[in-house]
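Below are the chains, spelled out letter by letter.
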Amino acid sequence: MIFTVTTSPSLDLLMETAGPVQTGKTLRAVHEELRPGGKGINISIMLKHLGITSTALGFVAGFSGDELMRLTMAEGIQTGFIRVRRGRTRINLRLKEQGAGPLEATRVNGLGPSVSPDDINYLVRKVSALSAGDYLVLAGTVPPSLPQDIYSTFFKALQDKGAQVIVDAPPELLHAVLNYRPFLVKPNLEELKSFLNQDLSTTEEISAAAHRLQQEGAQNVLVSMGSFGALFLDSAGHTHVIRAPGGIAIDKIGAGDSMVAGFIAEYIKTGDLKQAALLAVAAGSATALARGIASAQAVDEMRSQMEN
Ligand SMILES: Nc1ncnc2c1ncn2[C@@H]1O[C@H](COP(=O)(O)OP(=O)(O)OP(=O)(O)O)[C@@H](O)[C@H]1O
Ligand SMILES: [Mg+2]
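Residues numbered from 1 in each chain as written. Chains lettered and ligands numbered in written order. Predicted model: local features only at pLDDT ≥ 70, side-chain atom pairs only at ≥ 80, totals over all residues.

## Some words on the overall build of the protein
- Across its full length, the protein holds 10 helices and 14 strands.
- Dimensions of the protein, computed from C-alpha atoms along their principal axes, come out at roughly 55 × 45 × 40 Å.
- Among the 308 residues that make up the protein, the fraction classed as buried is 43%.
- Counting only contacts in the protein whose residues sit at least 6 apart along the sequence, the fraction spanning at least 24 positions is 66%. (Helix = DSSP H or I, 4+ residues; strand = E, 2+ residues; numbered from the N terminus. Buried ≥ 20, exposed ≤ 12 C-beta atoms within 10 Å, placed from the backbone. Contact = placed C-beta atoms within 7 Å.)

## Quick look at the site of ligand 1
- What surrounds ligand 1 is a group of 20 residues, the closest being Ser224, Ser227, Ala249, Gly256 and Gly284.
- Mapped by element, the contributors of at least two residues to the shell around ligand 1 are strand S13 (229–233), helix H8 (255–270) and helix H9 (273–288).
- Of the residues in the shell around ligand 1, the class split is eight nonpolar, 10 polar and two charged. (Near = placed C-beta within 6 Å. Nonpolar A, V, L, I, M, F, W, Y, C, P; charged D, E, K, R; others polar.)

## As for the nonpolar core
- In terms of nonpolar packing, the biggest core is built from 85 residues, with Leu136, Val137, Phe263 and Ala277 touching the most fellow members.
- Among the elements that take part in this core, H9 stands out by supplying 11 residues, more than any other.
- The residues touching Phe263, leaving out its near neighbours within four places in the chain, are Leu184, Leu222, Ala276, Ala277, Leu279 and Ala280. (Core = buried A, V, L, I, M, F, W, Y, C linked by C-beta atoms within 7 Å.)

## Some points on H9
- The end-to-end C-alpha separation of H9 is 23 Å, in line with the 22 Å expected for 16 residues at 1.5 Å each.
- Within H9, 14 of the 16 residues are buried, which leaves it mostly tucked inside the rest of the structure. (Expected span 1.5 Å × (residues − 1).)

## Comments concerning the packing of helix H3 (residues 117–128) against helix H4 (residues 150–158)
- Their axes nearest at 8 Å, the elements H3 and H4 cross at an angle of 40 degrees. One element, H3, and the other, H4, form an angle in the oblique class. Judged by the sense of rotation from one axis to the other, the crossing of H3 with H4 is right-handed. Side by side, H3 and H4 meet where Ile120, Val124, Val127 and Ser128 of the first sit next to Ile150, Thr153, Phe154, Ala157 and Leu158 of the second.
- For the contact of H3 with H4, the per-class residue count stands at seven nonpolar, two polar and no charged. (Axes fitted to C-alpha atoms, helices over the stretch in contact; angles between N-to-C directions. Parallel < 35°, antiparallel > 145°, perpendicular 65-115°, else oblique. Left-handed = near helix turned anticlockwise from the far one by under 90°.)

Limitation: the analysis is restricted to geometry and does not speak to function.
Given below as structure tokens:
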């Protein structure tokens, strides 16, 4: 079974208005959508599109937490969320004029619930029950209300259990867990630069940087590079440069998450690391070119435009 962790999931309210979004004006929505949000949840959604059921873990609270769980389950994802008593699951508002691009949206991210040490221990106990054949996906930042070493705590809880861990997290969190030998890490190019505190422009430099992460403990390193695709360093030390299929990006949100899901889905099906990296790029590009998380059909179409 695959478990995704979203430490601070959200209920995302997207609203489009007829006119420009201006301070001090009352606006009327002409289109609205409510979606479950958070990197781990996005990964679970793409996994489901690719035919794989996963369990989403994290903390939820209040009515927004109920709605988040309902929407997540409606996507066909199992939920193992821990309900906490104080506060509510954050509501993130994205507001934009109809027809404007996603980058023009005004975003307001809500506050999350307050999570107690007992709640954290409960999640850690759930994680410690994973065993060989299971995958744990740690994605995204850890909110300031939680201990910043919670990812390390999960790794410690899993030591000698045989489960594989995948990490897509900002440099400071990634740094703390590499020595636990994560199965896969997926920094984007900016994150990789900031991790090593150096500029990276040529393929050789990026490949050398991926090797550094491998020397520090990562088994497989997938560096995503937006519209350029990705550089994949596999556990045998081979570098693969994978070009993204062309197209016009519509909404990049969830592209990195789709990539992680694509990798896991293909690896589980075939056990082939290179094929997994190719499907990862196909899934990332399909989502960048779609509204929301792309369908399996869109991923297949992208994949058919790529090498074998
Ligand atoms: N403009 C684009 N055109 C085609 N494919 C894209 C584009 N942007 C992203 N992708 C695809 O999505 C993958 C991940 O994109 P990116 O490197 O931007 O990840 P990220 O910054 O981690 O994303 P996220 O913001 O979701 O965390 C890329 O490797 C590529 O396959
Ligand atoms: Mg990312």
